[in-house]
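Overview (structure and organization)
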Amino acid sequence: VNHVVWNKTSHPMLLLDLALGSPPADVALDEALLAWASARPEGEDREILRLWESPKHAVVIGRASKTADEVFLERCRDDDIPVLRRCSGGASVLIGPGCLMYGVILDLARSPHLAMISAAHQHVTERLAAALRNLHLPVDVRGNCDLTIDDHKFSGNALRIARTHVLYHGTILYDFDLSLVTRYLREPSRQPDYRSQREHNAFIRNIDASPSALRNELARQWEAKSPLTDWPRDATTRLVEEKYARDDWNLMR
């Protein structure tokens, strides 16, 4: 397999290693960071790597997802598992302990080609794969944006392209209770060919890596050296109140 190796950025990114401990707030923060970067003063770099892990399980569905098609909603309600609709596309995922979440905010002025969806997928997933290969993991990129080992998926990814920046974010399963995915998520109607109609429990896997090693390698790959301390707290709170704590947003479809 021929892998694309992307050159590292020539400037440090901002690093935000922060979990707020509340799934609605954590999902809202990614959207708030995209808006914050887009509102930057002229000439100020606001490219960000965010790393976080939810201490609680939650289902996070894509912006255009139809809840009933992708989620066992009654089971989620019975087990007090929130269902949240993110601002990016893609299918539903289950997050929680053992699933490292990452997100990058990339500046289109610096990398205009990332305004094309296929280019953004390739750019980010190949850099993620390169980081994980440095941990001696035989990672491949399959489908549009899946990371796999031996054709078993451990990372799903999604994006939102705004006017000036791209939000690209996803999951990395390293010590997740995979049985819960089958409980809360229906089998997707649209599947990549390499899945070969396998059910969740035969398709997904954890990788053999510690969360600290994953964090360190992702930060190194993205040259995320400068801690972001002044993150958009008020905007995150407002997004929770207006969207992510409300069924008319989360369950709109």
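Small disclaimer: the values here were computed from a predicted structure and weren't measured.

**Overview of the overall build of the protein**
Check the secondary structure of the protein and you find 9 helices and 12 strands. Compactness check: the protein gives a C-alpha radius of gyration of 17 Å against a globular reference of 18 Å for 253 residues, within 12% of the reference. Buried positions account for 53% of the 253 residues belonging to the protein. Summing over all exposed atoms, the protein offers an accessible surface of approximately 11,800 Å²; the carbon and sulfur share of this is 48%. Taken as two groups, the 32 positive and 35 negative side-chain charges of the protein have centres that lie 3 Å from each other.

**Focus: the sheet that holds strand S3 (residues 58-61)**
Spatial strand order, S4-S3-S5: 3 strands in an open sheet with mixed pairing. Either end of the sheet is taken by a strand with one partner, and the two such strands are strand S4 (83-85) and strand S5 (93-95). Within this sheet the neighbouring strands show an average axis-to-axis angle of 30°, counted without direction. Judged from the 3 bridges that link them, S3 and S4 form a sheet pairing that is parallel. Of the residues in S4, the one forming a bridge with Ile61 is Arg85.

**Looking at helix H1 (residues 23-38)**
Think of an α-helix as 3.6 residues a turn; residues three or four steps apart then line up on the same face. With 16 residues, H1 extends 24 Å from end C-alpha to end C-alpha; this agrees with the ideal 22 Å at 1.5 Å per step. By the criterion of burial, H1 is predominantly enclosed, with 14 of the 16 residues buried.

**Regarding unusual backbone geometry**
A negative phi angle characterises most non-glycine residues, just as the trans form characterises most peptide bonds. With a phi angle near 50°, Asp150 is a residue other than glycine that sits in the positive phi range. Relative to the helices and strands, Asp150 is located in the loop between strand S8 (146-149) and strand S9 (152-155). Although it is not a glycine, Ser196 adopts a positive phi angle of roughly 55°. Here Ser196 is to be found in the loop between helix H5 (179-184) and helix H6 (200-203).

**Re the pattern of salt bridges**
Inspection of every chain in the model, using the stated rule, returns 15 salt bridges. Of the charged contacts in the structure, one is a salt bridge between Arg220 and Glu217, with a shortest N-O distance of 2.7 Å. Separated by 3 residues within a single helix, Arg220 and Glu217 lie in helix H7 (residues 211-221), roughly one turn from each other. The exposure class assigned to Arg220 is partly exposed, which follows from its relative accessible area of 40%. In this structure Glu217 comes out as buried when scored by relative accessible area, which is 11%.

**A closer look at the state of the cysteines**
Each disulfide is one covalent bond, formed between the sulfur atoms of two cysteines. In the structure shown here, the tally under the stated rule is 0 disulfides. Cys99 takes part in no disulfide bond, and the closest cysteine sulfur to it belongs to Cys145, at a distance of 14 Å. The exposure class of Cys99 is buried, given its relative accessible area of 1%. Note on Cys145: relative accessible area 10%, which makes it buried.

**Examining the packing of aromatic side chains**
Following the criterion strictly, the structure yields 2 aromatic pairs and no others. Plain terms: the ring middles of Tyr194 and Phe203 are 5.5 Å apart, the flat faces sit at 50° to each other, and that makes the pair tilted. On the numbers, 6.2 Å between centres and 75° between planes, the contact of Tyr244 with Trp249 is edge-to-face. Trp249 matches Tyr244 in its accessibility class, with the two residues each being buried. Seen from the ring of Trp36, Arg46 lies directly overhead, with NZ or CZ sitting 3.9 Å from the centre. It is Lys243 that lies over the ring of Trp249; its NZ or CZ is 4.0 Å from the centre.

**Some thoughts on the pairing of S9**
The pairing of S8 with S9 spans 3 bridges and is classified as antiparallel. In the strand pairing of S9, Thr148 is matched with Lys153. Taking the residues that link successive antiparallel strands as the turn, the S8-S9 hairpin has 2 residues, and the phi of Asp150 there is positive, at about 50°.

**Considerations on the nonpolar core**
Grouped together as the largest cluster of nonpolar side chains are 45 residues, with contacts concentrated most on Val59, Leu94 and Leu228. Among the elements that make up this core, the one with the highest residue count is H1 (9 residues). The residues contacting Leu228, other than those within four sequence positions of it, are Leu14, Leu15, Leu16, Leu33, Trp36 and Ile48. Val139, Leu159, Val166 and Ala224 belong to the second largest nonpolar core, which has 33 residues in total.

Cut-offs used in this document
Residues numbered from 1 in each chain as written. Predicted model: local features only at pLDDT ≥ 70, side-chain atom pairs only at ≥ 80, totals over all residues. Heavy atoms only, no water. Helix = DSSP H or I, 4+ residues; strand = E, 2+ residues; numbered from the N terminus. Rg over C-alpha atoms; globule rule 2.2 N^0.38 Å. Buried < 20%, exposed > 50% of the residue type's maximum accessible area, 1.4 Å probe, protein only. Areas by Shrake-Rupley, 256 points an atom, 1.4 Å probe, with all protein chains shown as cover. Lys, Arg positive; Asp, Glu negative; His and termini not counted. Charge placed at Lys NZ, Arg CZ, Asp CG, Glu CD. Pairing = 2+ DSSP bridges. Axes fitted to C-alpha atoms, helices over the stretch in contact; angles between N-to-C directions. Expected span 1.5 Å × (residues − 1). Salt bridge = Lys/Arg side-chain N within 4 Å of Asp/Glu carboxyl O. Disulfide = S-S within 2.5 Å. Phe/Tyr/Trp six-rings, centres within 6.5 Å; stacked < 30°, edge-to-face > 60°. Lys NZ or Arg CZ within 6 Å of the ring centre and 35° of its normal. Core = buried A, V, L, I, M, F, W, Y, C linked by side-chain atoms within 4.5 Å. Contact = heavy atoms within 4.5 Å.

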